[in-house]
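Architecture at a glance
Okay, here's what each chain looks like letter by letter:
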Amino acid sequence: DGFQFLDTGRSLAQTAAITLATFGGGLLGPDNRFSLPQQGLSLDGPPNWRGEQTVGAHLFELRWKCPFAQGRLWVRGLRPPAGVGRWTRPYAEQMLARILAMNGLQLDELPPWRPAADGSGFATRTLTLGGDSARKGWSGTPRILRIAFRDDVLVIMDGCHREARAKEDLEQSMATLASR
């Protein structure tokens with residue numbers, strides 16, 4: 001109920017945080033952990049990177065930047081497609097094909113899906129791409145693309161790195177996606 005936002009005793013930051021948490025966008029905390037309680041989902045950002053949360057047409061959208069401009073991580077969460085009750089492997093495959101096509105990538109062979117046996121609740125597929133980033137300012141840099149899905153959400157994690165430490169930070173962060 002939107003009437004809760006009529007409380008004038010809150011700061012703008014408090015009101016924004018309550019809005020994001022209430023209407024499905026989740027919350028990126030000062031500890032760099034993103035949580036979306038309505039979906040029972042969490043993700044830790046790369047250590048010491050600056051995180052931003054944006055609002056758009058997705059369930060959630062996040063960006064993290066390395067303090068030394070050596071890496072970036074973009075994360076989006078998507079609800080199941082209209083008219084579909086849940087994400088399935090074929091729908092996740094279609095989304096991955098769209099992402100690759102939008103970035104001008106065509107891969108002959110894709111790595112296998114990892115089942116959700118790690119306790120996260122998410123099946124995952126990770127692609128390591130060399131210098132194929134279509135992200136502005138990141139052309140020519142190595143890229144890690146991880147797609148993770150469960151029935152109610154598909155998460156796209158797209159990271160670019162210019163040095164080994166940033167790559168380690170990205171891999172560590174991507175591995176923290178969990179169902180809570």
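Note: the structure precedes this text.
Attention here is on the structure that accompanies the text.

**Some details on the sheet that holds strand E10 (residues 178-179)**
Strand order in this open sheet of 4 strands is E1-E2-E3-E10, and the pairing throughout is antiparallel. If you trace the sheet from one side to the other, it starts and ends with strand E1 (27-28) and E10, each paired once. As paired strands, strand E3 (residues 41-44) and E10 are joined by 2 bridges and run antiparallel to one another. Residue pairing for E10: leucine 41 is matched across the bridge by serine 179.

**Digging into the sheet that holds strand E9 (residues 153-161)**
One open sheet holds the 6 strands; their spatial order is E4-E5-E6-E9-E8-E7, and the pairing between them is antiparallel. Of all the strands in the sheet, just strand E4 (50-54) and strand E7 (123-129) have a single pairing partner and so form its edges. On average, adjacent strands in this sheet sit at an angle of 15 degrees to one another, irrespective of strand direction. Note: strand E8 (residues 143-150) against E9, 8 bridges, orientation antiparallel. Bridge pairing in E9 links phenylalanine 149 to leucine 154. The strands touched by helix H2 (residues 89-102) within the sheet are strand E6 (71-78), E7, E8 and E9, with E8 carrying the most contacts at an inclination of about 155 degrees.

The rules behind each value
- Residues numbered from 1 in each chain as written.
- Predicted model: local features only at pLDDT ≥ 70, side-chain atom pairs only at ≥ 80, totals over all residues.
- Heavy atoms only, no water.
- Pairing = 2+ DSSP bridges.
- Helix = DSSP H or I, 4+ residues; strand = E, 2+ residues; numbered from the N terminus.
- Axes fitted to C-alpha atoms, helices over the stretch in contact; angles between N-to-C directions.
- Contact = heavy atoms within 4.5 Å.

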